[in-house]
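Chains, contacts and geometry: an overview
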Amino acid sequence: MTLLGRDTILRDQTALRTDERRSARSEERIIGLEGRRISRWVIERLTGGGARDATVASVHTRVAILRLDRGELVCVGTTSVPLAANGLSIDLPPGAAPWTLGLEAGQAAMLSRWSLSIPAAGLCVDLAGASRWEPRPRPGPTSPRELARRARRARALTVAEGNSPSLLPLLWDSAGAGLLPEPARSAGPPAAILGAAAAAAEPDGVRRAAARLAGLGPGLTPSGDDYLAGFAAAWVLAAAALGRGGQAGAAVQDALVRGAAPGASPLGRAWIAHAARGEVAEPLARFLTALLGGPPEALAGSTRGVLGLGASSGTDWMVGALSGVDALLAAAPVARWN
Amino acid sequence: MELIALVRRDAYADSVALMRVSTELRALSGVVAAAAVMATDLNREQLREAGLLTDEAAAAGAGDLLVAVRAESRAAAEAALERAAALLAERRAGAPTGRAIDPRSVLSAARRAGDATLALISVPGPYAAAEAQAALSAGLHVFLFSDHVPLADEIGLKRRAAARGLLVMGPECGTSILGGVGLGFANRVRRGGVGLVGASGTGLQEVTSLIHLHGGGVSHAIGTGGRDLDEAVGGLTTLQALEWLGRDQATRVIAVVSKPPSAAVARRVLGAAAATGKPVIACLLGWKEAPPAPVRLVDTLDEAARSAVTALGGTPSVLAAPPAPPRSGGGVLGLYTGGSLCEEARSLVGTAGYRFDDFGSERYTRGRPHPMIDPSLRNAAVAAAGADAQVGVLLVDVVLGDGAHADPAAALAPAVLAARASAGRQGRPFHVIGHVVGTDQDPQGLARQEARLREAGALVCPSNRLAAELAREIARGPDAR
Amino acid sequence: MPAEPPLRGVISVGTDLFADAVAAQGVAVTRVDWRPPAGGDPEVAALLARLWRDEVDLANRDALARLLAARPVLVDVRPALEVVPGMTRATVLHAGPPIAWERMSGPLRGAVVGALLYERLADTPEAAERLAASGTLGFEPCHHHAAVGPMAGVLTASMPVWVVEDRAHGNRAYATLNEGLGKVLRYGAHSADVLGRLRWMEEALGPALGQALRDLGGLDVRALIAQAVQMGDECHNRNRAASALLLRALAPPLAALDRPAAERARLLAVPGANDHFFLNVAMAACKAALDAAHGVPRSTLVTAMARNGTDFGIRVSGLGDRWFTAPAETPIGLYFAGFGAGDANPDIGDSAITETAGLGGFAMAGAPAIVQFVGGTPADALAATRLMYEITLGESDAYRLPALDFRGTPTGIDLRLVVQTGVLPQINTGIAHRAPGIGQIGAGLVKPPIECFEAALRAFGDA
């Protein structure tokens, strides 16, 4: 199948006034685009025949979020945006300003394995040629000592190059912790409790701490949500890489997700749930692969790749991930993990 | 006719900025000729031909910035150089595009803020010495709030600073006032003739606030950090500060405030104080030995304030405690946020004391903010005190000023009410005595804070000593004579 | 007194609480964006505290002054055996810190083989490899012989080298002639074309350039770089303007040489077609300046950053000839069509000497077009240079950036500042394919491993 439709009307956002956009739509031109990559998780939502109804939940500079009929969130972004665990990336012609296409929150959409269409915006994306991307990295085996060593390196690099304001101060030594700036000041105590409770395999403590962290801080994904997503992803994947598994670890994962759910932002909640399954966005997957038994020379570059995400999202995620690793390494020896 | 020059080593300013400086200087009254240039060979030659080259300027190098002024009088010339310095210190907002980078080190910040003279350091202890030493390298004085700084680092810092004519206030220095500007936890006090040196933050706060209350004023209050008067440190900062206060024209009376010092150091300090030739008041809690002649030893902080104001020639107000309620006995519990206030109260209350807790001490501040910023821990203890049958009198301090909580009395009041209610339910006599350290000029307002405490049923005393003595009095019980 | 009233300007390091309180009293406060050094290691912090002292500050002032005062002049081109100190027929110099044959990466191995074939020390690549592995050759860093080389940087006796002299201090530095792009020796190629070109350079180009320079009486390299930096070059990864300026200066004496017209045309055309012809000159000029600044006791000025394709190494003025090494990282950037991150060799070459001297990544604010090759936006290029001021002690007198109000480029990397702030030098570099002989596959950004600087810091602590 080839591109549907004829013209591609893509104008610079600043040049396009709202009434122009409306009139463009009313002329019934259809804008045809191609999907490049689609997450395996999204594909799984779409198997079993037929298209699923969806709504445009929100529209941002380079990403639009769809809510499927049963509530799942899908991130639709351009190829220049890191592919999310629940993501689908679309090619735009060079020079086109993304998402000036008349997308608005509330518009109806239909998503199937073959296409995404948003009639109100005159948009149709051909997904047939989109390649399948696996959002759960497969970490290689590693030892606690090697993991600790790499986590230390990543931590030093994060302390030096992470963005502020963010939860970065949580990585410093605790002396003087009382005078941290926000959001670290508010996040400090629940973060400490989360780590201790996870290490001691106490689901209640994990749940309560996650509830306090969820939604903490400003942003599309609040700092607390990013922290929890990082913590969960590191906890799950590092455990796998160390050959640990078992009910105690799973109980901690569940408690984190359940505790975070009420207070987290919608997207944050979705990404925390993904993280608890080990599903993460691409740059995060690269980092976790390098951290957990992958080629050591990729560690510095992939760490920097995470820190560069968003204004503070990447830094907050990294702080959470390194805290998750610390908690896992501090957890009681294998005997307690049944 | 005066010719003077300003040479800034290794400084840089672009030609536009330099031209602007030259033009502006030439327009000042009394200035005959002026030039601001980078001291390249060519420029120095041109200055020489224009008769603007001083010896110092002649020795400058191509990387140095040179401002030369010829004026009708010395004053005019110096004013012009000051203006030049101010103009050069103005930084442009930044290049037209791209994001600004905040300075990542003290050195970098010092290069950008050419006029800065002091570094205020409050990073966690293990990292503080590196920052303070870097500040000294940048030619800055240091106010070092950080604690848990190793003793050897403190000694190294102070020795180096003394050799360079710089002051290290700290480590663990909570308070200083320099030229009317409060650093750390400090109260807004009138400027005047009393110069203070103190190893104790809240001690300095109490004395400076009371000086203000008595109508006097403060020239400078130099904090030295809690360990300065220990044998190992030898009072390095205290001695330096005394020397400066001795030379400072604004300072007419000197006051030294400290916790118990090492004997040898105390003697040295008192000797140095005496050598300034100015009247000296010394309040070294626990020091009993007679000091050399012009030094007057006092036992309490409020006595120090009163004596200082008297020595200035002023008349201290009479401070009175509220009328004492019937002596109902019971132990005195002190829950303090200021260490020196706690110490002073403990020693005055003496045997009537049940327990004194300093919530600013390390055991309460590990991983928590200082109680003057976040009083919740102390206030919780206050609320619980009402249920303790041993306690008949509760002593508390409330510290105002910059850096402190925005409304500490309002935060404390509910705890006081709760404590009184709880004691009331048990049918026990229970008195709360408070002292507010601060002035009417503090953001929180002394009068407002005292009123709030009184509303909650506390007896408010104007000084820590009066509060402690009132507490002791009440605790003596109905049978005591 | 610390404060002739009023207290002028306070710098705050640490919590905002006290900075806010001082600002509320009307005093100007500059806040430091503080991070704990070395990710929070208190031992490193203690070492740093010992290194901020007057002796070190004075030593640095001395070393920086030497660096800024350097006046590199291109004086000649001569065979390496004749001018490079310690060069012998059995010497093989390479880029980066010392490395044994067994650990060399693809491009470097290929270049060594090529050089041995070129010097006729072996007949076939296999024989060359055996010779290299035999232990009879002297493999040494170019840096140890007052020389520098880009990418593999292999330098042997017969190769013609630029001779750059620092007129301020009298020392000299050397670098080979740049071969051009594609399949060249410095990327590990050793085919007949490569060897043929090297021989032409030895027999024709080198002597011609040498004659031209002598006829000119030398060429002021500092002035040339100063101009190039204001024409969009940063003299590491972007040398187009500088190469054009160099050729412009050399063209008249080259054209005046007593050679057949076709040869003179070739002498002009070959360098003219090479956008990086100036790179090696820039490197030698930076090397000369930094050698002048090296060896000042107790100075923490970084005087060399170099990679051999496996390790990244640095040298410090006050720490003598010691190298402080750690595994080199792989650059991150944009790849030419058909190549990707998996093909890249770790960082390689002596060309980071340009950053060490305040050019390259440090001068990116003057070369915003480079983001088309390394990724990012022009604002990122500005930000990259701005960040480098945080780790340098001074600014160049000669190399000034119009985009930053003609501020001199950040010059004089201080080891203490790198470790204390965690800000690493930004290097702008080409990316080589990990297999020998394929050539450049992209361009990007890379930083040294922090371990090099921490190790050097510890060495100061032991001293």
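Just so you know, these numbers come straight off a predicted model, no measurement behind them. (Residues numbered from 1 in each chain as written. Chains lettered and ligands numbered in written order. Predicted model: local features only at pLDDT ≥ 70, side-chain atom pairs only at ≥ 80, totals over all residues. Heavy atoms only, no water.)

**A look at the overall build of chain A**
To keep it simple, the criterion reads: Each helix is a run of DSSP H or I of at least 4 residues and each strand a run of E of at least 2, with the numbering of both proceeding from the N terminus. Using a 1.4 Å probe, the Shrake-Rupley method yields the accessible areas, and only the shown protein chains count as cover for residues.
A tally of regular secondary structure across chain A gives eleven helices and nine strands. With the model as given, the accessible surface of chain A reaches about 14100 Å², and the carbon-plus-sulfur share is 54%.

**Quick notes on the overall build of chain C**
The following threshold applies: Just to be clear, the radius of gyration here is over C-alpha atoms, and the globule rule we use is 2.2 Å times residues to the power 0.38. The buried label applies to any residue whose accessible area, calculated with a 1.4 Å probe on protein chains only, is under 20% of its type's maximum; exposed applies above 50%, and partly exposed to all values in between.
Within chain C, the regular secondary structure consists of 16 helices and 17 strands. Over its C-alpha trace chain C gives a radius of gyration of 23 Å, about what one expects of a compact globule, namely 23 Å for 463 residues. When the backbone C-alpha atoms are referred to their principal axes, chain C occupies close to 80 × 45 × 45 Å. Looking at chain C as a whole, 65% of its 463 residues qualify as buried. Accessible area of chain C: about 14900 Å², with a carbon and sulfur share of 54%.

**Observations concerning the packing of aromatic side chains**
Test applied: Aromatic contacts are taken between Phe, Tyr and Trp rings whose centres are within 6.5 Å, Trp giving its six-membered ring; a plane angle under 30 degrees counts as stacked, one over 60 as edge-to-face, and the others as tilted. Any Lys NZ or Arg CZ found within 6 Å of a ring centre and within 35 degrees of that ring's normal is scored as a charge over the ring.
The full count for this structure, using the stated rule, is twelve aromatic pairs over all chains. Considering the side-chain rings of Tyr336(B) and Phe356(B), the 6.3 Å spacing of their centres and the 20 degrees angle between planes classify their relative orientation as stacked. Of this pair, Tyr336(B) sits in strand S14 (residues 331-336) while Phe356(B) sits in strand S15 (residues 353-358), and the two are 20 residues apart along the sequence. Judged on exposure class, the residue Tyr336(B) and its partner Phe356(B) are both buried. Measuring from centroid to centroid gives 5.6 Å for Trp162(C) and Phe277(C), while their planes differ by 65 degrees, and the two rings are edge-to-face. Of this pair, Trp162(C) sits in strand S6 (residues 160-166) while Phe277(C) sits in the loop between helix H10 (261-272) and helix H11 (279-293), and the two are 115 residues apart along the sequence. Three or more aromatic residues link up through ring pairs in this structure, and these residues are Trp172(A), Tyr127(B) and Trp34(C). It is Arg109(C) that lies over the ring of Trp101(C); its NZ or CZ is 4.5 Å from the centre.

**Topic: the sheet that holds strand S17 (residues 440-446) of chain C**
Residues and elements named next belong to chain C. Short version of the rule: We treat two strands as partners when DSSP finds at least two bridges between them. For helices, the fitted axis covers only the stretch in contact; all axes are lines through C-alpha atoms, and the angles between them, taken along N-to-C directions, range from 0 to 180 degrees.
Judged by pairing direction, the sheet is antiparallel, and its three strands sit side by side in the order S12-S17-S16 without closing on themselves. The strands lining the two open edges of the sheet, one partner per strand, are strand S12 (332-335) and strand S16 (427-432). Pairs of neighbouring strands in the sheet enclose a mean axial angle of 25 degrees, with direction left out of account. The pairing of S12 with S17 spans four bridges and is classified as antiparallel. Within S17, the residue paired with Ile 332 across the bridge is Leu 445.

**Overview of the side chain of Asp311(C)**
Residue and element names in this part refer to chain C. Formally: In the analysis that follows, any N or O atom pair within 3.5 Å is treated as a polar contact, provided that within protein one partner can donate a hydrogen and the other can accept it, and provided that, for residues neighboring in sequence, both atoms belong to side chains. Note on contacts: a residue pair is in contact if any heavy atoms of the two residues lie within 4.5 Å.
Residue placement: Asp 311 occurs in strand S10 (residues 311-316). Among the residues examined, Asp 311 registers a relative accessible area of 7% and is labelled buried. Polar side-chain contacts of Asp 311 include one of 2.8 Å to the side chain of Arg 103. Setting aside residues up to four positions removed in sequence, Asp 311 forms contacts with Pro 97, Pro 98, Arg 103, Ala 306, Thr 325, Ala 326, Pro 327 and Ala 328.

**With respect to the pattern of salt bridges**
Residue and element names in this part refer to chain B. This is how it is decided: Between Lys or Arg on one side and Asp or Glu on the other, a salt bridge is scored when a side-chain nitrogen of the former is within 4 Å of a carboxyl oxygen of the latter.
Using the criterion set out here, one finds 65 salt bridges over all chains in the structure. Of the charged contacts in the structure, one is a salt bridge between Glu 303 and Arg 306, with a shortest N-O distance of 3.5 Å. Taken together, the positions of Glu 303 and Arg 306, both in helix H11 (residues 301-312) and three residues apart, correspond to about one turn of that helix. Relative accessible area serves as the criterion here: at 24%, Glu 303 is assigned to the partly exposed category. The residue Asp 397 makes a salt bridge to Arg 378 at a minimum N-O spacing of 3.0 Å. Of the two residues, Asp 397 sits in strand S16 (residues 391-399) while Arg 378 sits in helix H14 (residues 376-385), which places them 19 residues apart along the sequence. On the accessibility criterion, Asp 397 (0% relative accessible area) is buried.

**Notes on unusual backbone geometry**
The residue after Ser164(A), namely Pro165(A), is reached through a cis peptide bond having omega -5 degrees. Residue Pro171(B) is reached from Gly170(B) by a cis peptide bond, and omega for that bond is -5 degrees. If you trace the backbone, Pro171(B) turns up in the loop between strand S6 (168-169) and strand S7 (175-178). Its identity is not glycine, yet Cys235(C) carries a phi of approximately 65 degrees, on the positive side.

**What to know about the sheet that holds strand S2 (residues 31-38) of chain B**
All names here are of chain B. The strand order across the open sheet formed by three strands is S1-S3-S2, and the pairing between neighbours is antiparallel. Whereas interior strands pair on both sides, the edge strands pair on one side only; in this sheet they are strand S1 (2-8) and S2. Across the sheet, the axes of successive neighbouring strands diverge by a mean angle of 10 degrees, strand direction being ignored. Sheet topology places S2 next to strand S3 (residues 65-71); seven bridges connect them, and they run antiparallel.

**Focus on the pairing of strand S7 (residues 115-118) of chain A**
All names here are of chain A. For strand S6 (residues 108-111) and S7, the ladder comprises two bridges, and the chain directions are antiparallel. In the sheet register, Leu 111 faces S7, and the bridge partner there is Leu 116. The hairpin formed by S6 and S7 contains three residues between the paired strands. Here S7 pairs with strand S8 (residues 123-126) via four bridges, running antiparallel. Pairing of Ser 115 across the sheet is with Asp 126, part of S8. In this antiparallel pair of consecutive strands, S7 and S8, the connection spans four residues, and Gly 122 shows a positive phi of 65 degrees.

**Considerations on the side chain of Arg315(C)**
Relative to the helices and strands, Arg315(C) is located in strand S10. Once residues within four sequence positions are removed from consideration, Arg315(C) is found in contact with His143(C), His144(C), His294(C), Leu301(C), Val302(C), Thr303(C), Ala304(C), Gly320(C), Asp321(C), Arg322(C) and Trp323(C).

**A few points about the interface of chain B and chain C**
Rule in force here: As a working definition, buried area equals the accessible area (1.4 Å probe) given up by two parts on being put together, with both sides summed. In the scheme used here, Gly and all other residues not listed as nonpolar or charged are polar, with Ala, Val, Leu, Ile, Met, Phe, Trp, Tyr, Cys and Pro taken as nonpolar and Asp, Glu, Lys and Arg as charged.
Facing the 62 residues of chain B at the interface are 61 residues of chain C. For the pair chain B and chain C, the summed buried surface comes to about 5400 Å²; carbon and sulfur atoms form 61% of the total. Salt-bridge contacts for Arg112(B) lead to Glu390(C); the nearest nitrogen and oxygen are separated by 2.8 Å. The interface formed by chain B and chain C contains 22 residue pairs in polar contact (both at pLDDT 80 or more). At eight residues, the largest contribution of residues to the side of chain B that touches chain C is made by helix H6 (residues 125-137) of chain B. Residues belonging to the side of chain B that touches chain C are distributed by class as follows: 30 nonpolar, 15 polar and 17 charged. Bridging between strand S4 (residues 118-122) of chain B and strand S1 (residues 10-14) of chain C involves five bridges; their strand directions are parallel.

**Quick word on helix H10 (residues 299-307) of chain A**
Of all nine residues that make up H10(A), eight are buried, and the element is covered over most of its length. Buried residues in H10(A) make contact with helix H3 (144-161), helix H9 (282-291) and helix H11 (313-330) of chain A together with S12 of chain C.

**Comments concerning the confidence of the model for chain C**
Going by this rule: Scored between 0 and 100, pLDDT is the confidence that the predictor attaches to each residue.
Averaged over all residues, the pLDDT of chain C is 94; the fraction at 70 or higher stands at 98%. In the model output, the complex is listed with pTM 0.83 alongside ipTM 0.90.

**Side note on the pairing of S3(B)**
Residues and elements named next belong to chain B. Counting buried positions along S3 yields six of seven residues, so the element is predominantly enclosed. Relative to S3, S1 runs antiparallel, the two sharing seven bridges. Of the residues in S3, the one forming a bridge with Val 7 is Leu 66.

**Considerations on the domain arrangement of chain C**
The extent of an interface is frequently quoted as the accessible surface area lost upon association of the parts. All names here are of chain C. Where we set the bar: Domain borders in the structure are assigned automatically or taken from a domain database.
Taken domain by domain, chain C comprises domain 1 (9-34), domain 2 (43-67 + 295-462) and domain 3 (72-282). Facing 53 residues of domain 2, the contacting portion of domain 3 comprises 42 residues. Taking both partners together, domain 2 and domain 3 bury about 3500 Å²; carbon and sulfur atoms supply 60% of that area. Across the contact surface, domain 2 and domain 3 share one salt bridge. The shortest N-O distance in the salt bridge between Arg 103 and Asp 311 comes to 2.8 Å. The interface formed by domain 2 and domain 3 holds 18 residue pairs in polar contact (both at pLDDT 80 or more) in total.

**A short note on the nonpolar core**
Selection rule: Side-chain atoms within 4.5 Å are what join buried Ala, Val, Leu, Ile, Met, Phe, Trp, Tyr and Cys residues into a set we call a nonpolar core.
Trp162(C), Leu246(C), Phe278(C) and Phe453(C) are the most contacted members of the largest nonpolar core, which has 105 residues in total. If one sorts the elements of this core by residue count, H11(C) sits on top with eleven residues. When residues of this core are assigned to domains, at least three fall in each of domain 2 (43-67 + 295-462) and domain 3 (72-282) of chain C. Phe453(C) has contacts with Val302(C), Met305(C), Ile314(C), Leu415(C), Val418(C), Val419(C), Leu424(C), Pro425(C) and Pro448(C), leaving out every residue within four places of it along the chain. In terms of nonpolar packing, the next biggest core, distinct from the first, is built from 89 residues, Ala209(A), Ala210(A), Phe231(A) and Leu140(B) among them.

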